[in-house]
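Remarks on the overall topology
Residue strings, one per chain:
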Amino acid sequence: IWPFAHREPTRNNSVNRPAGTMEWKSFPVDATAYRNMLINNLLPAIVEKCPATMKNSTIRIQQDNAPSHIKVDDPEFLEAVALTNLDIRLYCQPPNSPDLNVLDLGFFRSLQAMQERIVTRNKMELINAVNIEFDNYPHKKLNNIFLTLQTVMQS
């Protein structure tokens, strides 16, 4: 998981921390930031973790229709995909179909419920808690979420 944030030192002292303490600062996500995350983080992770048995399969990246998301035929993204030697395709969920957004309805809600069991006091602890729960998330549970979506779509 890659947060849309960066670390920077605080400028002033506060009751909770001295000046210079590193804190996470979020930044607005536009198409450029989103594209950079896909190219610099997601594609290398796919290449690294893709099992040999999937090298000839199509890998689909689903995104919703948020204004910050790139078009499925974005030239910079397609150029980066070509360098991977994998068949990676970007898809948008159908517009006005929130019931088909398996990531929001299934995975993110489930991950959030798990993360909320960990008490956090700041953004750094929250990011760490999310990463811990993501790393420990049962693959079978995630697979079941996607199988449920497929069943709903076939009905």
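Our subject is the structure that appears above.
Scope of this entry: the structure provided in the associated data block. (Residues numbered from 1 in each chain as written. Predicted model: local features only at pLDDT ≥ 70, side-chain atom pairs only at ≥ 80, totals over all residues. Heavy atoms only, no water.)

Within the largest apolar cluster, 17 residues are counted, with the highest numbers of intra-cluster contacts made by Leu 38, Ile 46, Ile 61, Phe 77 and Ile 88. Counting only elements with at least two residues in this core, the list comes to helix H1 (31-49), strand S3 (58-63), helix H2 (75-82) and strand S4 (87-92). Contact partners of Leu 38, with chain neighbours within four places excluded, come to Leu 43, Pro 44, Ile 70 and Phe 77. Residues Val 102, Phe 107, Leu 111 and Leu 149 belong to the second largest nonpolar core, which totals seven residues. (Core = buried A, V, L, I, M, F, W, Y, C linked by side-chain atoms within 4.5 Å. Buried < 20%, exposed > 50% of the residue type's maximum accessible area, 1.4 Å probe, protein only. Helix = DSSP H or I, 4+ residues; strand = E, 2+ residues; numbered from the N terminus. Contact = heavy atoms within 4.5 Å.)

Note on helix geometry: an α-helix contains 3.6 residues per turn, so any two residues three or four positions apart are oriented the same way. Burial in H2 covers these residues: Phe 77, Ala 80 and Val 81. In an axial view of H2, the angular spread of the buried residues amounts to 100°, which keeps them on one side of the axis. Of the residues in H2, the exposed ones pointing more than 90 degrees away from the buried face are Pro 75, Glu 79 and Ala 82. As for H2, its buried residues are in contact with H1, S3 and S4. (Arc of directions from axis to C-beta.)

What follows covers the packing of aromatic side chains. Enumeration according to the criterion identifies four aromatic pairs in this entry. Ring plane angle 85° and centroid distance 6.2 Å describe the contact between Phe 4 and Phe 27, whose orientation is recorded as edge-to-face. Taken as a pair, Phe 4 in the segment before strand S1 (5-9) and Phe 27 in the loop between strand S2 (22-26) and H1 lie far apart in primary sequence, 23 residues in all. Residue classification places Phe 4 among the partly exposed residues on the basis of a relative accessible area of 27%. One aromatic cluster is present, built from ring pairs that chain together Phe 107, Phe 108, Phe 134 and Tyr 137. (Phe/Tyr/Trp six-rings, centres within 6.5 Å; stacked < 30°, edge-to-face > 60°.)

Moving on, we come to the layout of surface pockets. Estimated volume of the second largest pocket: approximately 240 Å³. What lines the second largest pocket is Arg 7, Asn 16, Arg 17, Thr 21, Met 22, Glu 23, Trp 24, Lys 25, Arg 121, Asn 122, Lys 123 and Met 124. When contributions to the lining of the second largest pocket are tallied by element, the ones reaching two or more residues are S2 and helix H4 (123-136). Counting residues per element, the lining of the second largest pocket draws most heavily on S2, at four residues. A breakdown of the residues in the lining of the second largest pocket according to their chemical character gives three nonpolar, three polar and six charged. (1 Å grid on protein atoms, 1.4 Å probe; cavity = no way out; pocket = protein on both sides within 12 Å on 5 of 7 lines; lining within 4 Å. Points joined across faces, edges and corners; volume = space filled by probe spheres on them. Nonpolar A, V, L, I, M, F, W, Y, C, P; charged D, E, K, R; others polar.)

Quick look at the pairing of S4 now. As paired strands, S3 and S4 are joined by six bridges and run parallel to one another. The partner of Gln 62 across the bridge, within S4, is Tyr 91. This β-α-β element, S3 to H2 to S4, shows right-handed connectivity. (Pairing = 2+ DSSP bridges. Right-handed = clockwise from strand over helix to strand, strands pointing away.)

What follows concerns the pattern of salt bridges. Under the defined criterion, the tally for this structure stands at seven salt bridges. Between Arg 35 and Glu 76 there is a salt bridge, with its nearest N and O atoms 4.0 Å apart. Placement of the pair is Arg 35 in helix H1 and Glu 76 in helix H2, with a sequence separation of 41 residues. Among the ionic pairs, Arg 89 bridges to Asp 87, the shortest N-O distance being 2.8 Å. For Asp 87, a relative accessible area of 26% translates into the label partly exposed. (Salt bridge = Lys/Arg side-chain N within 4 Å of Asp/Glu carboxyl O.)

With that settled, the discussion passes to the packing of helix H3 (residues 102-115) against H4. At a minimum axis separation of 9 Å, H3 and H4 run at an interaxial angle of 115°. Handedness of the H3/H4 crossing: right-handed. Only Leu 126, Ala 129, Val 130, Glu 133 and Phe 134 of H4 make contact with H3, whose side of the interface consists of Phe 107, Leu 111, Met 114 and Gln 115. Its residues assigned to classes, the contact of H3 with H4 comprises seven nonpolar, one polar and one charged. (Axes fitted to C-alpha atoms, helices over the stretch in contact; angles between N-to-C directions. Left-handed = near helix turned anticlockwise from the far one by under 90°.)

Take it as geometry only, folks, not as evidence of what the structure does.
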